[in-house]
Structures are given as C-alpha cells and as structure tokens.
Amino acid sequence: MLKRMRVALVALLVMVTSLSAAAAERVDSLPAVKAQSSGRSELLMQINSEPLMVAKVEQENPNRAYMVIRPVGFLSDIDLVEMVLYDGTLYSRTGIETQWYIEATGLPEAAPIEDLPETPTGDVPVTHMGAMPIAGAPTEQYQIWLNSDAAGTSYLKFDLWVGVEANYLHQMQLGMYSNDPDFGALSLEVIQRSYDFDSSIKVYAPANAIERQVDYGLVGVSYATPEANLLLAPFTTNAARTWLADKH
C-alpha cells in the first residue's frame, strides 16, 4: 500500500513539474495591448515587501483623473493626498482639509491613446509565464528581467498581465532589486491593477479651489518640474535607509 502511495506521489510530482515547466517559455514578442480611455486602478508601492504607499485612481479620459494617495507603514504619519487633473490644471488637498488648491496650470494635453500592436522583443529576454487570473479575469502573464548595472548586482523586473477576452493590461508590476553595501538585499516594487476599462466615469474640477500662496508646494513642484524629482530622490532614499537601519 505504501509503495503504491509513493508511486502515486512521484507520478503527481512529475506531472506538476512538467506542467510548470511547460507554462513558462521564452517568446519573441509581446502581445498587442488594447488602450483604455477611462477606467479605475489601484497602486501599491513597497520596500522589502513592506507597504509604503497605496493609491486609487479614477480616470474619465487621459486629461481628467482623480487620485487619492495614502502613505502607510513607516510613512503613515504623512497625511493622505487627493489630486485632481482637469484639462491641464492640477488640484490637491491633504488630510482632512476641505480646501482645494491649484498646484499647476497649463499642463500639456495628453497624447491620444492608441492600441499597442504586437511588439517584437529583439534581444530583450521575455518569458511567457502562462495563464493567471487577475480579479477573476483570465490573463496571460509575461515577465522581463534586465540587468541595471554592469556588475550584475542590480536588476529590473517587469511583469505584465494581458487580458485574454480583450487585450487590456489588467496588471503590471515593476521590481527593482539590488545588493546594498550596508543593508544587503533591497527590493522596491510598484504594482498597479486596473479594472472597469472604458467605463462611464466623471471627474470634476473642485469648485472651491484657490491659488496656493506659496510657489513651492510639493505636489506642484514635483509635477510641473520633473527635474525636482531628481532633487527629491536622495531624500526618499535617506528615509528608506533610515527605516532599514532602524529595522536592523
């Protein structure tokens, strides 16, 4: 009896291993992706698997969107931020404030969204990971690994989950992995899940918005001048390193 059970378990293991091996395969192209004009999405940013920020987005079209950003984890003392992009004007408010502020005006209009055709991958290694349902929707997962430095100690990983019934991008994940000289292995991941594709969504400009009295609002500076992101990046890194130091 025990011998038969061992044989059955070995056969099951071989079958599962064979299925797993067959599911992942190198491919020469990424599938076509259907563009969405409107929809909803949720985002998660985490470091070493611990959440830093969550966000929700509702988009009427590429030029009208509402977003709420909530810092979590070691950033939980920071107030949540609400943002509205409406036809070239960016609005924001924080915490429990009822007052909206105009952070930037005259922002460039977004380019028309077009479907992405099937794309040859060339020398970029792309793996088809197989079927994977996302929130009940059938999708196919594709994965890309890239070295981000010559020493091979840092890597970028992209995962895309493309719908089967309609080629919408249901989920994407960006991972950055490196070996820090002080703290060892570090990982930063951003995950975005999308749904309600091309649904009826309305976004409105805040009725009580006023001009901010100072011209160095964080949201406005970061959005209007992308160069400022380079200046802010070291502070973000220091915050992450301080948090990691406290963990050790």
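Residues numbered from 1 in each chain as written. Predicted model: local features only at pLDDT ≥ 70, side-chain atom pairs only at ≥ 80, totals over all residues. Heavy atoms only, no water.

### Section: the overall build of the chain
So, step 1. The secondary structure content of the chain amounts to three helices and 15 strands.
So, step 2. Put simply, the chain has 248 residues, and 31% of those count as buried.
So, step 3. A separation of at least 24 residues holds for 46% of the contacts in the chain among residues at least 6 apart in sequence.
So, step 4. Taken as a whole, the chain presents about 15,600 Å² of accessible surface, with 60% of it coming from carbon and sulfur. (Helix = DSSP H or I, 4+ residues; strand = E, 2+ residues; numbered from the N terminus. Buried < 20%, exposed > 50% of the residue type's maximum accessible area, 1.4 Å probe, protein only. Contact = heavy atoms within 4.5 Å. Areas by Shrake-Rupley, 256 points an atom, 1.4 Å probe, with all protein chains shown as cover.)

### Considerations on unusual backbone geometry
So, step 1. Positive phi outside glycine occurs at Ala135, with the angle close to 55°.
So, step 2. Locating Ala135 in the fold gives a position in the loop between β10 (126–131) and β11 (139–147).

### Observations regarding the packing of aromatic side chains
So, step 1. Scanning the model with the defined rule gives three aromatic pairs in all.
So, step 2. Note on Trp145 and Tyr155: the rings are 6.4 Å apart at their centroids and 75° apart in plane angle, and the pair reads as edge-to-face. A residue pair is termed long-range when its members are at least 10 positions apart, and Trp145 in strand β11 and Tyr155 in strand β12 (residues 154–163) qualify at ten residues.
So, step 3. Accessibility expressed as a relative area gives 40% for Trp145, which makes it partly exposed.
So, step 4. Residue class for Tyr155 comes out partly exposed when judged on its relative accessible area of 32%.
So, step 5. The structure contains a cluster of three or more aromatic residues connected by ring pairs, namely Trp145, Tyr155 and Tyr177.
So, step 6. Above the ring of Tyr101, the side-chain terminus of Arg212 is found at 4.5 Å from the ring centroid. (Phe/Tyr/Trp six-rings, centres within 6.5 Å; stacked < 30°, edge-to-face > 60°. Lys NZ or Arg CZ within 6 Å of the ring centre and 35° of its normal.)

### Let's talk about the pattern of salt bridges
So, step 1. One pass over the structure, following the stated rule, counts eight salt bridges.
So, step 2. The partner of Glu103 in a salt bridge is Arg212, and the shortest N-O contact between them spans 2.6 Å. Taken together, the positions of Glu103 in strand β8 (residues 101–104) and Arg212 in the loop between β15 (210–211) and α2 (218–224) put the pair 109 residues apart, joining distant regions of the chain.
So, step 3. For Glu103, a relative accessible area of 14% puts it in the buried group.
So, step 4. The partly exposed category is assigned to Arg212, whose relative accessible area is 28%.
So, step 5. Overlapping salt bridges bring together Glu60, Arg64, Asp87 and Lys202 as one network. (Salt bridge = Lys/Arg side-chain N within 4 Å of Asp/Glu carboxyl O.)

### A closer look at the pairing of strand β14 (residues 184–195)
So, step 1. Relative to β14, strand β3 (residues 39–47) runs antiparallel, the two sharing eight bridges. Across the sheet, Ser41 pairs through a bridge with Ser194, a residue of β14.
So, step 2. Alignment of strand β13 (residues 169–180) against β14, held across ten bridges, turns out to be antiparallel. Looking across to β14, one finds that Ser178 is bridged to Leu186. (Pairing = 2+ DSSP bridges.)

Geometric descriptors of this kind do not, in isolation, establish any biological role.
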